[in-house]
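Close look at the chain arrangement
Letter by letter, the chains look like this.
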Amino acid sequence: MGTISGTLAHYPDACVVWVDAHADINTPQTTDSGNIHGMPVSFLLGLDKSLSEYQWINRYLPANRLVYIGLRDVDSGEKKILRENGIKAFSMHEVDKFGIGKVVEMALDHVNPKRDLPIHLSFDVDGLDPSVAPSTGTPVRGGLTFREGHYICEAINETGLLVALDIMEVNPSLADAAAVAQTVAVGNSLARAALGESLL
Ligand SMILES: NC(=[NH2+])NCCC[C@H](N)C(=O)O
């Protein structure tokens, strides 16, 4: 919430590409778990303004400037919110169906059709398959491969429009040393890819 609010303060027309297994768009009313980490997008969009803790958010992201990639664990209340607000989401089903190249293109066509808006990339490493990024709080099987994750970052770098990047949910206290090292390494290499490191 802090970083995207900061991006919007500086770039009011920015769009957000949110890579995640989860939509994180519950409201305090729809959440099953009660976990705030399942709610930040609802606060960013201004769908819920009831919590005094988040009343500092004064610039809301329009629903048509948000796109998800990688979803596969979405609560029923969240599905309703996505539908009712017309929020575009490419789940793992679409990644399987179209391939990651096409999905990134379609995602950008939706959120940034003229390729002229600043992009904030929020990349939760649980969007990756747990075999790729094991040390994270809410792993869900059936995720993005190592290359699919990196492709997203490379393709967004290629737009030249990236202004902000979050690598989220690397949690070094949740696995053994080898799994932690693997997760930290993949988080770092996603960041390098988004910042312009290329294969050739
Ligand atoms: N940032 C995360 N790890 N989010 C997981 C959210 C899981 C679930 N949808 C919830 O609201 O509790």
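Just above, that's the structure.
These numbers come from a predicted model, not from an experiment. (Residues numbered from 1 in each chain as written. Predicted model: local features only at pLDDT ≥ 70, side-chain atom pairs only at ≥ 80, totals over all residues. Heavy atoms only, no water.)

As for the site of the ligand
Using the following cut-off: For this description, a residue counts as near a given molecule or strand if any of its non-hydrogen atoms is within 4 Å of it. Definition of a polar contact: a pair of N or O atoms within 3.5 Å, with one able to donate and the other able to accept a hydrogen when the atoms are protein atoms, and with sequence-neighbouring residues admitted only if both atoms are side-chain atoms. For every accessible area listed, the method is Shrake-Rupley and the probe measures 1.4 Å; residues are considered covered only by the protein chains on display. Here the term charged refers only to Asp, Glu, Lys and Arg, the term nonpolar to Ala, Val, Leu, Ile, Met, Phe, Trp, Tyr, Cys and Pro, and the term polar to all other amino acids, Gly among them.
Taken together, the neighbourhood of the ligand is formed by His22, Asp24, Asn26, Ser33, His37, Gly38, Asp75, Glu78, Asp126, Thr138 and Glu169. His37 is positioned with one of its backbone polar atoms (N or O) 3.1 Å from a nitrogen atom of the ligand. Side-chain polar atom of Asp75 to a nitrogen atom of the ligand: 2.8 Å apart, as the coordinates give it. For the ligand, whose free accessible area comes to 340 Å², the fraction covered by protein is 92%. The residue inventory of the shell around the ligand, partitioned by class, reads no nonpolar, six polar and five charged.

Considering the side chain of Glu154
Short version of the rule: Only DSSP runs of H or I reaching four residues or more are called helices, and only runs of E reaching two or more are called strands; each is numbered from the N terminus. Buried residues are those whose accessible area, probed at 1.4 Å on protein chains only, stays under 20% of the maximum for their type, while exposed residues exceed 50% and partly exposed ones sit between those limits. Contacts are assigned to residue pairs with any non-hydrogen atoms lying within 4.5 Å of each other.
Position of Glu154 relative to the elements: it lies in helix α6 (residues 146-159). The exposure class assigned to Glu154 is buried, which follows from its relative accessible area of 15%. Apart from residues lying up to four places away in sequence, Glu154 is in contact with Arg147, Ala193, Glu197 and Leu199.

Here we look at empty space enclosed by the protein
Note the following rule: Think of a 1 Å grid over the protein atoms and nothing else: a 1.4 Å probe that fits but is trapped marks a cavity, an open set flanked by protein within 12 Å on at least five of seven lines marks a pocket, and residues with an atom within 4 Å of a point count as lining. Grid points are joined across faces, edges and corners, and a volume is the space filled by probe spheres set on the points.
Applying the stated rule across the entire model yields one cavity of 30 Å³ or more. Approximately 80 Å³ is the volume attributed to the largest cavity. Along its surface, the largest cavity is lined by Phe43, Asp48, Lys49, Ser50, Leu51, Tyr54, Gln55, Ile57 and Tyr60. Taken together, the residues that form the lining of the largest cavity break down as five nonpolar, two polar and two charged.

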